[in-house]
Amino acid sequence: MPQYEPEKASRGALIGYVTVALTIILVMVVVVVYQPWSLVVFVGLAIFAKIVWVIEQPKVEQHFLKLCQERDGLSICEFAKAFDAKVVDTWVIRAVYEQLQAALPTEHTIPIKASDSLLDTLLLDVDDIDLSLVEEIAQRTGRSLELFEKNPYIGKVTTAQNLVLFFNHQAPVHAMK
């Protein structure tokens, strides 16, 4: 099974990103020069964000460490047994399992169960699911994201199992051409 390979940014996109970044920097410099107190606000927000991260990250790590201990001995085999291999593409099962593991906000390798809630158990962010995870799985499985609104699982993807079934119902890319 192919690994996920991010697409290379086009020259136009790269120029756009650099332009936006430079514009943001320029605006921040102008604001700080003409409103020096705003520097205190920027620094205060950065410090606040770091404090929140320092407080929350140990809780996240403890959650995943507990999951890891509870699931000692589980592997992709148990995950795959939740699906009928005659109906569900095994590449989809493997890609979803591996990409979910890669997307977890921890360094631990956590065995994933089909019943795991993407938000509550795996602590994934909705934006991360929508903006990157779905694209990564689609690329690895060779499934198209076109016509996703006709998928019977649209709006129902709350668990790892539903994510597998969602992609299993998407047409292969070569079938879309």
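Check the entry above for the structure.
Residues numbered from 1 in each chain as written. Predicted model: local features only at pLDDT ≥ 70, side-chain atom pairs only at ≥ 80, totals over all residues. Heavy atoms only, no water.

S.K.: What am I meant to see in the nonpolar core here?
M.R.: Across soluble globular proteins, nonpolar side chains show a tendency to be buried alongside one another. If you look at the biggest cluster of nonpolar residues, it comprises 29 residues, and the most contacted ones within it are Phe79, Phe83, Val96, Leu100, Leu124, Val164 and Phe167. Listing elements by their share of this core, those giving two or more residues are α2 (37-70), α4 (90-103), α5 (126-141) and α6 (160-168). The element that contributes the greatest number of residues to this core is α6, accounting for six residues. Leave out the neighbours within four places in its chain, and Val96 touches Phe79, Ile137, Ala160, Leu163 and Val164. (Core = buried A, V, L, I, M, F, W, Y, C linked by side-chain atoms within 4.5 Å. Buried < 20%, exposed > 50% of the residue type's maximum accessible area, 1.4 Å probe, protein only. Helix = DSSP H or I, 4+ residues; strand = E, 2+ residues; numbered from the N terminus. Contact = heavy atoms within 4.5 Å.)

S.K.: How should I be thinking about the packing of helix α1 (residues 11-34) against α2 in this particular structure?
M.R.: Look at α1 against α2: their axes get within 6 Å of each other, and the N-to-C directions meet at 125°. Classified by the angle their axes make, α1 and α2 are oblique. Contact residues: Met28, Val31 and Val32 in α1; Ser38, Leu39 and Phe42 in α2. The residue inventory of the contact of α1 with α2, partitioned by class, reads five nonpolar, one polar and no charged. (Axes fitted to C-alpha atoms, helices over the stretch in contact; angles between N-to-C directions. Parallel < 35°, antiparallel > 145°, perpendicular 65-115°, else oblique. Nonpolar A, V, L, I, M, F, W, Y, C, P; charged D, E, K, R; others polar.)

S.K.: Where do I start with α5 in this structure?
M.R.: For α5, spanning 16 residues, the distance from its first C-alpha to its last is 21 Å, which sits close to the expected 22 Å at 1.5 Å a residue. Of all bends in α5, the biggest is about 35°, found at Leu133. For α5, the full list of buried residues reads Ile129, Leu133, Val134, Glu136, Ile137, Ala138, Arg140 and Thr141. On its buried face, α5 is in contact with α4 and α6. For α5, the N-terminal cap is Asp125; the gap from its side-chain oxygen to the backbone nitrogen of Asp127 is 3.1 Å. Once α5 ends, the next one or two residues include Gly142, with phi positive near 70°. (Expected span 1.5 Å × (residues − 1). Bend = angle between axes of the 7 residues up to and from the residue. Polar contact = N/O pair within 3.5 Å; in protein donor to acceptor, adjacent residues only side chain to side chain.)

S.K.: Whenever I open this one, unusual backbone geometry confuses me. Can you help?
M.R.: The bulk of non-glycine residues show a negative phi, and the bulk of peptide bonds are trans. At Leu123, a residue that is not glycine, the phi angle is positive and equals roughly 55°. Position of Leu123 relative to the elements: it lies in the loop between α4 and α5. According to the relative accessible area criterion, Leu123 is partly exposed, its value standing at 32%. A positive phi angle, close to 60°, is found at Leu147, a residue other than glycine.

S.K.: Honestly, the packing of aromatic side chains in this entry has me stumped. Any pointers?
M.R.: For any two aromatic rings, the description comes down to two numbers: the centre-to-centre distance and the angle of the planes. Using the criterion set out here, one finds three aromatic pairs in the structure. Both rings, one in Phe79 and one in Tyr97, keep their centres 5.1 Å apart while their planes meet at 55°; by these two values the pair is tilted. Within this pair, whereas Phe79 is found in helix α3 (residues 76-80), its partner Tyr97 is found in helix α4, the two being separated by 18 residues in sequence. The exposure class of Phe79 is buried, given its relative accessible area of 1%. Within the aromatic cluster, the residues linked to one another by ring pairs are Phe79, Phe83 and Tyr97. (Phe/Tyr/Trp six-rings, centres within 6.5 Å; stacked < 30°, edge-to-face > 60°.)

Remember, this is a structural readout, not a statement about activity or role.
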